[in-house]
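Each chain is listed here by its residues.
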Amino acid sequence: MLIACGDALIDFVPTRNAEGREAVMPAVGGSCLNVAIGMARLGAPTGFVGGISTDMFGRMVADHATASNVELGFATRSDHQTTLAFVRIVAGESHYAFYDAETATRNWTYRRGTIPFANAEAVHVGSTTLVNDQGAAETKALIAEARASSTISFDPNCRPNLVRDKPAYLARMAEFAGSADLIKMSDVDFAYLFGEEPYQQRASALLRQGTSLVVITRGNNGAVAWHAGAGQIEVPAPKVEVADTIGAGDSFQAALLFALYKQGRLPRQQLKNIGADELRRALAFAANCAGLTCTRPGADPPWSHEVAANW
């Protein structure tokens, strides 16, 4: 099984009404839930760990995840309200306004000893859950139990408008990176975390500390990855007609984990030993899945039948 742990919410995606005025459309989102949905739709047995409300929006979240074949037995249902995120697209980038006080995601606690990590090849963490102290602490506890048997995947998916103490946040992201086998971040995330530091320099530092694979997605410029054995590999972005980029990075992450899973390269030692051709194929598949997600509004990762020819 593959597991994603973190945020589940409702995005209010920009659209226009019949009169052409700006409007919003509710769509299930949350970076880590999107990753779970992406992996499950591609055909991997997938579970989600995190807080999901029992309110109207929480039922939307649960129904959407279940319809995408995500196992919710490890999720925590509560009567806290659902996190809401309003999205605006500015210069091609998604900007978010979050309403996240006292929500199911914010109040999630990890139920120690409840997940059979021996049966979980990978655990993915990241995004807004790691911004607040409780979410970060609970995720650390989960990683502490998982790491002996599961590969740890990490995407910071930074949301600067939620960060109140940037130095503390940077230290926290560095700590999570230090426990990860696979790190993926966008070029926007990288700039927020590392400024103008060269990609190669930071990737080399992360590989030296024990990470096996570092990937940076760069929108229309494709993705570039660094691996201690396979070296540096770049793949192009597919040329598509973009509806929006919401969930594209999550779709990339889900497809990359799925591809590694299908190749038998997801376990920690196998990931360390992956060859350049295998890694390039996995990255290209991930880029194509992200591109398809960009062609439709909201976070809507592809199903296996939509990308079978690419895999």
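Anything mentioned here points back to the structure above.
Predicted model, so just to flag it, every value in this text is computed and none were measured.

**Describing the pairing of strand 15 (residues 231-235)**
- Of the pairings in the sheet, the one linking strand 14 (residues 223-227) to strand 15 comprises five bridges and is antiparallel in character. Each residue of the ladder has a partner; that of Ala 225, found in strand 15, is Ile 233.
- The loop that links strand 14 with its antiparallel partner strand 15 comprises three residues.

**Digging into helix 1 (residues 31-42)**
- Given a rise of 1.5 Å per residue, 12 residues ought to cover 16 Å, and the 17 Å separating the end C-alpha atoms of helix 1 matches this to within 8%.
- Within helix 1, 12 of the 12 residues are buried, which leaves the element mostly enclosed by the surrounding structure.
- Positioned one or two residues after helix 1, Gly 43 has a phi angle of 120 degrees, which is positive.

**Some thoughts on the nonpolar core**
- One finds Phe 48, Phe 252, Leu 256 and Leu 283 to be the most contacted residues of the largest nonpolar core, which totals 54 residues.
- Non-local contacts of Phe 252, meaning those with residues more than four positions away in its chain, are made with Lys 184, Val 215, Thr 217, Ala 223, Leu 283, Ala 286, Ala 287 and Ala 290.
- By size, the runner-up hydrophobic cluster in this structure holds 49 residues, among which are Tyr 96, Tyr 110, Ala 146 and Leu 162.

**Things to note about the packing of helix 3 (residues 133-146) against helix 4 (residues 166-178)**
- Running from N to C, helix 3 and helix 4 cross one another at 15 degrees; their axes reach a closest spacing of 12 Å. The angle between helix 3 and helix 4 falls in the class roughly parallel. The crossing of helix 3 and helix 4 is left-handed. Only Arg 172, Glu 175 and Phe 176 of helix 4 make contact with helix 3, whose side of the interface consists of Asp 133, Ala 136, Thr 139, Lys 140 and Ile 143.
- The class makeup of the residues in the contact of helix 3 with helix 4 is three nonpolar, one polar and four charged.

**Looking at the pairing of strand 14**
- With respect to burial, strand 14 is a largely interior element, five of its five residues being buried.
- Neither face of strand 14 is open: one carries Ala 223, Ala 225 and His 227, the other Val 224 and Trp 226, and all of them are buried.
- With antiparallel pairing between neighbouring strands as the criterion, strand 13 (residues 213-217) and strand 14 make up a hairpin whose turn holds five residues, including Gly 219 at a positive phi of roughly 60 degrees.

**Here's the deal with helix 7 (residues 248-263)**
- Its 16 residues give helix 7 an end-to-end C-alpha distance of 22 Å, which sits within 8% of 22 Å, the value for a rise of 1.5 Å per residue.
- When you tally the buried positions in helix 7, you get 13 out of 16 residues, the bulk of the element.
- Note on helix 7: the residue one or two positions beyond its end, Gly 264, has a positive phi of about 75 degrees.

**What about the pattern of salt bridges?**
- Applying the stated criterion across every chain yields a total of 15 salt bridges.
- Between Arg 112 and Glu 138 there is a salt bridge, with its nearest N and O atoms 2.4 Å apart. Taken together, the residues Arg 112 in the loop between strand 9 (93-99) and strand 10 (122-126) and Glu 138 in helix 3 connect sequence positions 26 residues apart.
- On the basis of relative accessible area, Arg 112 is assigned to the partly exposed category, the value being 47%.
- A salt bridge links Arg 202 to Glu 197; the shortest N-O distance between them is 3.0 Å.
- According to the relative accessible area criterion, Arg 202 is partly exposed, its value standing at 25%.
- Bridged by salt links that share partners, the residues Arg 41, Arg 296, Asp 300 and Glu 306 form one connected network.

Calculation notes
- Residues numbered from 1 in each chain as written.
- Predicted model: local features only at pLDDT ≥ 70, side-chain atom pairs only at ≥ 80, totals over all residues.
- Heavy atoms only, no water.
- Pairing = 2+ DSSP bridges.
- Helix = DSSP H or I, 4+ residues; strand = E, 2+ residues; numbered from the N terminus.
- Expected span 1.5 Å × (residues − 1).
- Buried < 20%, exposed > 50% of the residue type's maximum accessible area, 1.4 Å probe, protein only.
- Core = buried A, V, L, I, M, F, W, Y, C linked by side-chain atoms within 4.5 Å.
- Contact = heavy atoms within 4.5 Å.
- Axes fitted to C-alpha atoms, helices over the stretch in contact; angles between N-to-C directions.
- Parallel < 35°, antiparallel > 145°, perpendicular 65-115°, else oblique.
- Left-handed = near helix turned anticlockwise from the far one by under 90°.
- Nonpolar A, V, L, I, M, F, W, Y, C, P; charged D, E, K, R; others polar.
- Salt bridge = Lys/Arg side-chain N within 4 Å of Asp/Glu carboxyl O.

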